[in-house]
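# Coordinate inspection notes
One-letter residues, chain by chain:
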Amino acid sequence: MSLASFLAELDALAAEAVKAFAAAMDAAALEAARVEYLGAKSGKLKDAQKGLGTVGKDDKPAAGKKFNEVKQAVEAAFAAAQERAGSGDAAVSSGPPFDPSQPGARPRLGHLHPLTQTIDELKDIMGRLGFSVAQGPEIEDERHNFEALNIPQAHPARDPLENFYLATAEKLGAGPMLLRSQTSTVQIRVMEAQRPPVRIISLGRVYRPDTADATHYPMFHQIEGLLVDKHVTMADLKSTLRLFAKSYFGGEVHIRFRPSFFPFTEPSVEVDMQWHDRWIEMGGAGMVDPNVLRAVGYDPDEVSGFAFGLGVERVCARRHHVTDIREFYRNDVRFLEQF
Ligand code: PHE
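First, a word on scope: everything that follows refers to the structure included in this document. (Residues numbered from 1 in each chain as written. Predicted model: local features only at pLDDT ≥ 70, side-chain atom pairs only at ≥ 80, totals over all residues. Heavy atoms only, no water.)

Secondary structure assignment for the protein chain yields 13 helices and ten strands. In terms of C-alpha radius of gyration, the protein chain reaches 39 Å, well past the compact-globule figure of 20 Å for 339 residues. Each principal axis of the C-alpha distribution contributes one length, and for the protein chain these read about 125 × 55 × 35 Å. Every one of the 339 residues in the protein chain was classed for burial, and the buried ones make up 40%. For the protein chain, the proportion of contacts with a sequence separation of at least 24, taken over those separated by at least 6, is 64%. In the structure as shown, the protein chain presents an accessible area of about 18500 Å², 54% of it carried by carbon and sulfur atoms. The average position of the 39 basic charges and that of the 46 acidic charges among the side chains of the protein chain differ by 4 Å. (Helix = DSSP H or I, 4+ residues; strand = E, 2+ residues; numbered from the N terminus. Rg over C-alpha atoms; globule rule 2.2 N^0.38 Å. Buried < 20%, exposed > 50% of the residue type's maximum accessible area, 1.4 Å probe, protein only. Contact = heavy atoms within 4.5 Å. Areas by Shrake-Rupley, 256 points an atom, 1.4 Å probe, with all protein chains shown as cover. Lys, Arg positive; Asp, Glu negative; His and termini not counted. Charge placed at Lys NZ, Arg CZ, Asp CG, Glu CD.)

It is worth spelling out the site of the ligand at this point. Close to the ligand lie 14 residues, the nearest being Q182, S184, R208, Q222 and G309. Within the side chain of Q222, an N or O atom sits 2.9 Å from an oxygen atom of the ligand. Expressed as a share of its isolated accessible area of 330 Å², the protein-covered part of the ligand is 91%. It is strand β10 (residues 304–311) that contributes the most residues to the shell around the ligand, three residues altogether. Grouping the amino acids of the shell around the ligand by side-chain chemistry returns five nonpolar, seven polar and two charged. (Near = heavy atom within 4 Å. Polar contact = N/O pair within 3.5 Å; in protein donor to acceptor, adjacent residues only side chain to side chain. Nonpolar A, V, L, I, M, F, W, Y, C, P; charged D, E, K, R; others polar.)

Together, D159, E162, D210 and D213 line one region of the surface with negative charge. Within the fold, E162 resides in the loop between α6 (142–145) and β3 (164–165). For E162, a relative accessible area of 46% puts it in the partly exposed group. (Patch = residues over 30% accessible without salt bridge, like charges linked within 9 Å, V, L, I, M, F, W, Y side chains within 5 Å. Salt bridge = Lys/Arg side-chain N within 4 Å of Asp/Glu carboxyl O.)

The next thing to look at is helix α11 (residues 312–320). Since the α-helix turns once every 3.6 residues, residues separated by three or four places project in the same direction. The complete set of buried residues in α11 reads V312, E313, V315, C316, A317 and R318. Phi for H321, located one or two positions after α11, is positive at around 60 degrees.

With that settled, the discussion passes to the nonpolar core. Formed by 40 residues in total, the largest nonpolar core has its most connected members in I223, L241, F249, M273 and L310. With six residues, helix α9 (residues 234–249) is the largest single contributor of residues to this core. Ignoring any residue separated from it by four or fewer positions in sequence, one finds M273 in contact with L241, F244, A245, F249, H254, I255, R278, W279, I280, M282 and L310. In terms of nonpolar packing, the next biggest core, distinct from the first, is built from 24 residues, A14, L38, V70 and A77 among them. (Core = buried A, V, L, I, M, F, W, Y, C linked by side-chain atoms within 4.5 Å.)

Structure follows, in structure tokens:
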């Protein structure tokens, strides 16, 4: 090879390498370009070095000098590109330089689920009426879910097909356990733990093997209320529920009681609320049955009480005009965003 063509080849190679380093968009591309041109085994520069042996003897010093210059230039171009890429492993920035005076991109804020918002609001309203919040377990025994609530062994509500009994509890020999079917269990837990007067609410999940439809779901939420004191009457129950409804819905709200039956209240009623000209069934209520008071060691001749249990999904759906409670559990942001 003539000296002239060797020198021309080196110049072309140098230009090509500098261009490749500049075009590398990220650390991986830059590394690939490095291997292509500076690779110790089969890099293009290494290949070109072999040309040194083919130039004439007298041209060798000039050719060698040129080779070293080109090699240094290519190495410097690589180092510069690497610097641009930051520490060497960060991506080479391809976009415009960072402008700190630009307004920032606002992160999208989430918010509480509509049911959580409802629960918080109901706690607030009842708190203002003097009710404190009590809690109970979601896995219950039969005493708290049934027996102390005056629901005898043969009662249809205890049918295994109407409840989520836990097979593991049976196996452990711990006695039958089930996912609570109502928050009335918390009435018992609170009364077992304290003497009257009692003035609590309890909010939480309950479970029933219902088929999901627009108004049912196998898991839903209830708000339970319990007030036990001297001389508590049905009038106290009604005025409490009316205040509750007025505070939550606002404006013209009416309350209606329809005769009903629950083993743990006597008399028992269904509670309907009317808002915007529509009646809707909110849940059950009544005066605490003397048998329940006796089951927790209270004296029915001394104290009386009222209790209610309302569906949180129903209350929330009514206020926000939600027509299918399954929406609350679909986790579709287009639905959830509206609250
Ligand atoms: N526990 C009843 C139910 O789930 C509701 C209720 C609560 C009724 C308190 C009366 C008193 O249907």
